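# Inside the fold
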Amino acid sequence: QVQLVESGGGLVQPGGSLRLSCAASGGTFSIIAMGWYRQVPGKQRELVGTITSGGSTDYADSVKGRFTISRDNAKNTVYLQMNSLKPEDTAVYFCNLQVRTGFYSSRDYWGQGTQVTVSS
C-alpha cells in the first residue's frame, strides 16, 4: 500500500520561507512524477508544481520564481521550497505521486495535506 507522508507546513510571515517534504513508501513502484497541489476552502485543488522522474519541472504561474520543487530519487521524496511567501499562498498543500500501473495506465496517490498559513 503506497503511503505519502508530508511535513513542513506551518505559520510564516509574509516574505518568509518554508520547505515542505513528502516521502513515498509502501513497496516498489515506477514513478512518473511527483508534485504539490494546494486547496483553499470553497475552491478547487490547484497545481503548484510537479517534477517528473527525469527531472523536468512545471510550475503554476503564481509561484514561478518563488517556489522550487526538487526530488531525492533514492529516498522517493519530493520537496517544495517556498520563498517570498504571500498571504494568498495560504492553503492546504497536498503531495501527489503518479505511478505507472501498466503500459498505458497510471494511478495517482495523495498525501493527507499540510496547512501553510502566511500571515503577520
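These lines cover the structure that appears in this document, whether it is placed above or below. (Residues numbered from 1 in each chain as written. Predicted model: local features only at pLDDT ≥ 70, side-chain atom pairs only at ≥ 80, totals over all residues. Heavy atoms only, no water.)

Taken together, the five bridges between strand S9 (residues 91-100) and strand S10 (residues 106-110) define a ladder with antiparallel strand orientation. Across the sheet, leucine 97 pairs through a bridge with tyrosine 109, a residue of S10. (Pairing = 2+ DSSP bridges. Helix = DSSP H or I, 4+ residues; strand = E, 2+ residues; numbered from the N terminus.)

With that settled, the discussion passes to the nonpolar core. Within the largest apolar cluster, 30 residues are counted, with the highest numbers of intra-cluster contacts made by Trp36, Phe67, Val78, Leu80, Met82, Tyr93 and Leu97. Residue assignment for this core shows that the elements contributing at least two residues are strand S3 (18-25), strand S4 (30-39), strand S5 (46-52), strand S7 (67-72), strand S8 (77-82), S9 and strand S11 (114-118). (Core = buried A, V, L, I, M, F, W, Y, C linked by side-chain atoms within 4.5 Å. Buried < 20%, exposed > 50% of the residue type's maximum accessible area, 1.4 Å probe, protein only.)

In total, this model carries four salt bridges according to the counting rule given. Measuring nitrogen to oxygen at the nearest pair gives 2.7 Å for the salt bridge that ties arginine 38 to glutamate 46. Arginine 38 sits in the buried class, given a relative accessible area of 6%. For the salt bridge of aspartate 89 with arginine 38, the shortest nitrogen-to-oxygen distance reads 3.0 Å. Placement of aspartate 89 in the loop between S8 and S9 and of arginine 38 in strand S4 is noted, with a sequence separation of 51 residues between them. For aspartate 89, a relative accessible area of 1% translates into the label buried. Ionic contacts of the salt-bridge type, sharing partners, join the residues Arg38, Glu46, Arg66 and Asp89 into one network. (Salt bridge = Lys/Arg side-chain N within 4 Å of Asp/Glu carboxyl O.)

Glancing now at the side chain of serine 21. The topology assignment puts serine 21 in strand S3. Once residues within four sequence positions are removed from consideration, serine 21 is found in contact with Val5, Glu6, Ser7, Trp36, Val78 and Tyr79. (Contact = heavy atoms within 4.5 Å.)

So, on to the pairing of S5. Pairing geometry for S4 and S5, over six bridges, is antiparallel. Paired with methionine 34 across the strands is isoleucine 51, a residue of S5. Joining the antiparallel neighbours S4 and S5 is a turn of six residues, in which glycine 42 adopts a positive phi near 85 degrees. Pairing of S5 with strand S6 (residues 57-59), which is carried by three bridges, proceeds in the antiparallel orientation. From the neighbouring strand, glycine 49 faces S6, where its bridge partner is tyrosine 59. Here S5 folds back onto S6, and the loop between the two strands holds four residues, one of which, glycine 55, carries a positive phi near 100 degrees.

Attention now moves to the sheet that holds S8. Reading across from one edge, S1-S3-S8-S7 is the order of the four strands in this open sheet, with antiparallel pairing throughout. Where the open sheet ends on each side, the last strands, each with one partner, are strand S1 (3-7) and S7. The mean inter-strand angle of the sheet, taken between neighbouring strand axes irrespective of direction, is 15 degrees. As defined by bridge partners, S7 adjoins S8 across six bridges and the pair is classed as antiparallel. Across the sheet, arginine 71 pairs through a bridge with valine 78, a residue of S8. (Axes fitted to C-alpha atoms, helices over the stretch in contact; angles between N-to-C directions.)

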